[in-house]
Amino acid sequence: MFIFHTCMKPSVSNYISSLEIHTSINWDSILQPDDLIITTKTPYEKYPLKGKAVVISSNKFVEIKTLLDVRHVKRVIGVGGGTAIDVAKTVASKRTLPMIAIPTILSTNVFSTNKSTIFFDKITSISTTIPNKVIIPFDIEIKFTKVFVSRSCGYNVNTYCI
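All of these numbers come straight from a predicted model, not from anything done at the bench.

**Student:** Mind laying out the packing of aromatic side chains, listing which residues take part and the relevant values?
**Tutor:** One pair of aromatic rings is described through two measures. These are the centre distance and the angle between the planes. Summed over the entire model, instances satisfying the criterion amount to two aromatic pairs. With a centroid separation of 5.0 Å and an interplanar angle of 45°, the aromatic rings of Trp 27 and Tyr 47 are classed as tilted. Linking Trp 27 in helix H1 (residues 27-30) with Tyr 47 in the loop between helix H2 (41-46) and strand E4 (53-55), this pair joins segments that are 20 residues apart in sequence. Considered together, Trp 27 and Tyr 47 belong to a single accessibility category, that of buried residues.

Structure representation (C-alpha coordinates):
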(Lines give C-alpha, C1' and ligand atoms only; values in the text may rest on other atoms or scores of the structure.)
Protein backbone atom coordinates (compact mmCIF):
# COMPACT_ATOMS: atom_id res chain seq x y z
CA MET A 1 0.00 0.00 0.00
CA PHE A 2 1.21 3.49 -0.88
CA ILE A 3 -0.08 6.52 1.02
CA PHE A 4 0.17 10.04 -0.38
CA HIS A 5 -0.71 13.14 1.57
CA THR A 6 -1.94 15.81 -0.77
CA CYS A 7 -1.57 19.53 -0.63
CA MET A 8 -4.23 22.18 -1.04
CA LYS A 9 -4.58 25.04 -3.51
CA PRO A 10 -5.31 28.27 -1.65
CA SER A 11 -8.61 28.68 -3.52
CA VAL A 12 -9.92 25.27 -2.46
CA SER A 13 -11.37 24.99 1.03
CA ASN A 14 -11.65 21.19 1.14
CA TYR A 15 -9.02 18.68 0.13
CA ILE A 16 -8.24 14.99 0.14
CA SER A 17 -6.38 14.22 3.35
CA SER A 18 -4.90 10.96 2.07
CA LEU A 19 -4.70 8.81 -1.02
CA GLU A 20 -4.00 5.11 -0.63
CA ILE A 21 -3.14 2.72 -3.44
CA HIS A 22 -3.72 -0.92 -2.49
CA THR A 23 -2.52 -3.97 -4.39
CA SER A 24 -5.47 -5.69 -2.75
CA ILE A 25 -8.06 -4.21 -0.44
CA ASN A 26 -8.81 -5.68 2.96
CA TRP A 27 -12.49 -4.73 2.93
CA ASP A 28 -13.03 -5.83 6.54
CA SER A 29 -10.50 -3.25 7.73
CA ILE A 30 -12.17 -0.44 5.76
CA LEU A 31 -15.89 -1.04 6.17
CA GLN A 32 -17.60 -0.20 9.45
CA PRO A 33 -21.17 -1.08 10.56
CA ASP A 34 -22.33 2.57 10.41
CA ASP A 35 -21.10 3.16 6.83
CA LEU A 36 -23.46 3.99 4.00
CA ILE A 37 -21.83 2.30 1.00
CA ILE A 38 -23.04 3.54 -2.38
CA THR A 39 -22.09 1.63 -5.50
CA THR A 40 -23.26 0.48 -8.92
CA LYS A 41 -23.95 -3.02 -10.20
CA THR A 42 -20.46 -4.03 -11.41
CA PRO A 43 -18.48 -3.21 -8.23
CA TYR A 44 -21.30 -4.69 -6.14
CA GLU A 45 -20.82 -8.00 -7.93
CA LYS A 46 -17.01 -7.85 -8.06
CA TYR A 47 -16.18 -6.85 -4.49
CA PRO A 48 -17.49 -8.30 -1.19
CA LEU A 49 -20.26 -5.69 -0.88
CA LYS A 50 -23.33 -7.93 -1.10
CA GLY A 51 -25.76 -7.10 1.67
CA LYS A 52 -23.62 -4.15 2.78
CA ALA A 53 -24.08 -1.64 -0.04
CA VAL A 54 -26.86 0.31 -1.72
CA VAL A 55 -26.81 -0.23 -5.48
CA ILE A 56 -27.79 2.82 -7.51
CA SER A 57 -28.53 2.95 -11.21
CA SER A 58 -28.32 6.68 -11.87
CA ASN A 59 -27.43 10.09 -10.52
CA LYS A 60 -31.05 11.26 -10.48
CA PHE A 61 -31.91 13.29 -7.40
CA VAL A 62 -35.06 11.19 -6.87
CA GLU A 63 -32.80 8.20 -6.21
CA ILE A 64 -30.47 10.25 -4.00
CA LYS A 65 -33.32 11.63 -1.87
CA THR A 66 -33.98 8.23 -0.29
CA LEU A 67 -30.30 7.95 0.72
CA LEU A 68 -30.52 11.25 2.59
CA ASP A 69 -33.00 9.67 5.03
CA VAL A 70 -30.98 6.55 5.94
CA ARG A 71 -30.46 6.59 9.71
CA HIS A 72 -27.45 5.76 11.88
CA VAL A 73 -24.83 6.64 9.28
CA LYS A 74 -21.46 8.00 10.39
CA ARG A 75 -19.59 7.87 7.08
CA VAL A 76 -20.33 7.56 3.35
CA ILE A 77 -18.26 5.37 1.01
CA GLY A 78 -18.57 5.58 -2.77
CA VAL A 79 -17.34 2.53 -4.70
CA GLY A 80 -17.36 2.68 -8.49
CA GLY A 81 -17.11 5.22 -11.27
CA GLY A 82 -18.44 8.72 -11.67
CA THR A 83 -22.08 8.00 -10.86
CA ALA A 84 -21.44 6.18 -7.57
CA ILE A 85 -18.83 8.66 -6.35
CA ASP A 86 -20.86 11.74 -7.39
CA VAL A 87 -23.89 10.40 -5.52
CA ALA A 88 -21.77 9.52 -2.46
CA LYS A 89 -20.19 13.01 -2.45
CA THR A 90 -23.65 14.57 -2.69
CA VAL A 91 -25.05 12.50 0.20
CA ALA A 92 -21.96 13.14 2.36
CA SER A 93 -22.16 16.89 1.65
CA LYS A 94 -25.87 17.22 2.37
CA ARG A 95 -25.49 15.25 5.62
CA THR A 96 -22.09 16.76 6.55
CA LEU A 97 -20.49 13.33 6.92
CA PRO A 98 -16.95 12.18 6.15
CA MET A 99 -16.58 10.43 2.80
CA ILE A 100 -14.25 7.83 1.29
CA ALA A 101 -14.02 7.35 -2.47
CA ILE A 102 -12.93 4.00 -3.90
CA PRO A 103 -12.80 4.62 -7.66
CA THR A 104 -12.91 1.60 -9.95
CA ILE A 105 -12.11 3.67 -13.02
CA LEU A 106 -9.45 6.36 -13.36
CA SER A 107 -10.51 8.04 -16.60
CA THR A 108 -12.16 10.89 -14.69
CA ASN A 109 -11.09 12.96 -11.74
CA VAL A 110 -14.47 12.65 -10.00
CA PHE A 111 -12.75 11.50 -6.83
CA SER A 112 -10.57 14.61 -6.58
CA THR A 113 -13.01 17.45 -7.21
CA ASN A 114 -15.54 19.39 -5.19
CA LYS A 115 -18.25 19.08 -7.85
CA SER A 116 -20.87 16.42 -8.55
CA THR A 117 -23.04 15.98 -11.61
CA ILE A 118 -26.61 15.32 -10.51
CA PHE A 119 -29.79 15.05 -12.58
CA PHE A 120 -32.59 17.24 -11.19
CA ASP A 121 -34.81 18.35 -14.11
CA LYS A 122 -31.63 18.53 -16.18
CA ILE A 123 -27.98 17.62 -15.66
CA THR A 124 -26.57 20.03 -13.07
CA SER A 125 -23.12 20.47 -11.58
CA ILE A 126 -23.35 21.13 -7.84
CA SER A 127 -20.75 21.95 -5.19
CA THR A 128 -19.94 19.06 -2.87
CA THR A 129 -17.10 18.21 -0.55
CA ILE A 130 -13.98 16.48 -1.77
CA PRO A 131 -13.61 12.96 -0.31
CA ASN A 132 -11.61 12.87 2.93
CA LYS A 133 -9.81 9.77 1.73
CA VAL A 134 -9.35 8.07 -1.64
CA ILE A 135 -8.48 4.37 -1.80
CA ILE A 136 -7.47 3.10 -5.22
CA PRO A 137 -7.51 -0.66 -5.77
CA PHE A 138 -4.82 -1.87 -8.19
CA ASP A 139 -7.15 -4.58 -9.43
CA ILE A 140 -9.03 -1.98 -11.48
CA GLU A 141 -9.95 -3.65 -14.74
CA ILE A 142 -7.98 -1.61 -17.23
CA LYS A 143 -5.64 -2.51 -20.06
CA PHE A 144 -2.71 -0.43 -18.87
CA THR A 145 0.30 -1.03 -16.67
CA LYS A 146 0.51 -0.26 -12.97
CA VAL A 147 2.92 2.58 -13.85
CA PHE A 148 0.20 4.16 -16.01
CA VAL A 149 -2.32 3.81 -13.17
CA SER A 150 0.13 5.44 -10.73
CA ARG A 151 0.71 8.34 -13.11
CA SER A 152 -3.04 8.77 -13.68
CA CYS A 153 -3.58 8.90 -9.91
CA GLY A 154 -0.85 11.48 -9.52
CA TYR A 155 -2.27 13.57 -12.34
CA ASN A 156 -5.77 13.51 -10.88
CA VAL A 157 -4.65 14.24 -7.33
CA ASN A 158 -2.36 16.98 -8.62
CA THR A 159 -5.52 18.84 -9.69
CA TYR A 160 -5.47 20.40 -6.22
CA CYS A 161 -1.74 20.67 -5.66
CA ILE A 162 0.26 23.84 -6.19
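**Student:** Hey, could you go over helix H4 (residues 82-95) for me, with residue numbers and the actual values?
**Tutor:** Helix length check: H4, at 14 residues, gives a terminal C-alpha distance of 20 Å against a target of 20 Å (1.5 Å per residue), a fit within 8%. Counting buried residues in H4 gives ten out of 14 residues, a clear majority hidden from the surface. Ala 84, Ile 85, Asp 86, Val 87, Ala 88, Lys 89, Thr 90, Val 91, Ala 92 and Ser 93 are the residues of H4 that are buried. Here the buried face of H4 lies against strand E3 (35-39), helix H3 (61-67), strand E5 (75-80), strand E6 (99-103), strand E7 (115-119) and strand E8 (123-127). Taken from the residues just after H4, Thr 96 is the one with a positive phi, measuring 50°.

**Student:** Tell me about the pairing of E3, and please be specific about residues and values.
**Tutor:** Most of E3 is tucked away, with five of its five residues classed as buried. Residues of E3 alternate between two faces, with Asp 35, Ile 37 and Thr 39 on one and Leu 36 and Ile 38 on the opposite face, all of them buried. Looking at chain direction, E3 and E5 are connected through five bridges and run parallel. Of the residues in E5, the one forming a bridge with Thr 39 is Val 79. As defined by bridge partners, E3 adjoins E4 across three bridges and the pair is classed as parallel. Its bridge partner being in E4, Ile 38 is matched across the sheet by Val 54. With H2 bridging E3 and its parallel neighbour E4, the resulting β-α-β unit is right-handed.

**Student:** Describe in detail the nonpolar core, supporting the description with residues and values.
**Tutor:** The tendency in soluble globular proteins is for nonpolar side chains to be buried side by side. Residues Ile 38, Val 76 and Val 91 are the most contacted members of the largest nonpolar core, which totals 25 residues. Of all elements in the fold, only strand E2 (18-22), E3, H3, H4, E6 and strand E9 (133-137) reach the threshold of two or more residues within this core. For this core, the leading source of residues is H4, giving five residues. Not counting the four nearest positions on each side in its chain, Val 91 is found in contact with Leu 36, Ile 38, Ile 64, Leu 67, Leu 68 and Val 76. Tyr 44, Tyr 47, Ile 77 and Ile 100 belong to the second largest nonpolar core, which has 14 residues in total.

Basis of the calculations
Residues numbered from 1 in each chain as written. Predicted model: local features only at pLDDT ≥ 70, side-chain atom pairs only at ≥ 80, totals over all residues. Heavy atoms only, no water. Phe/Tyr/Trp six-rings, centres within 6.5 Å; stacked < 30°, edge-to-face > 60°. Helix = DSSP H or I, 4+ residues; strand = E, 2+ residues; numbered from the N terminus. Buried < 20%, exposed > 50% of the residue type's maximum accessible area, 1.4 Å probe, protein only. Expected span 1.5 Å × (residues − 1). Contact = heavy atoms within 4.5 Å. Pairing = 2+ DSSP bridges. Right-handed = clockwise from strand over helix to strand, strands pointing away. Core = buried A, V, L, I, M, F, W, Y, C linked by side-chain atoms within 4.5 Å.

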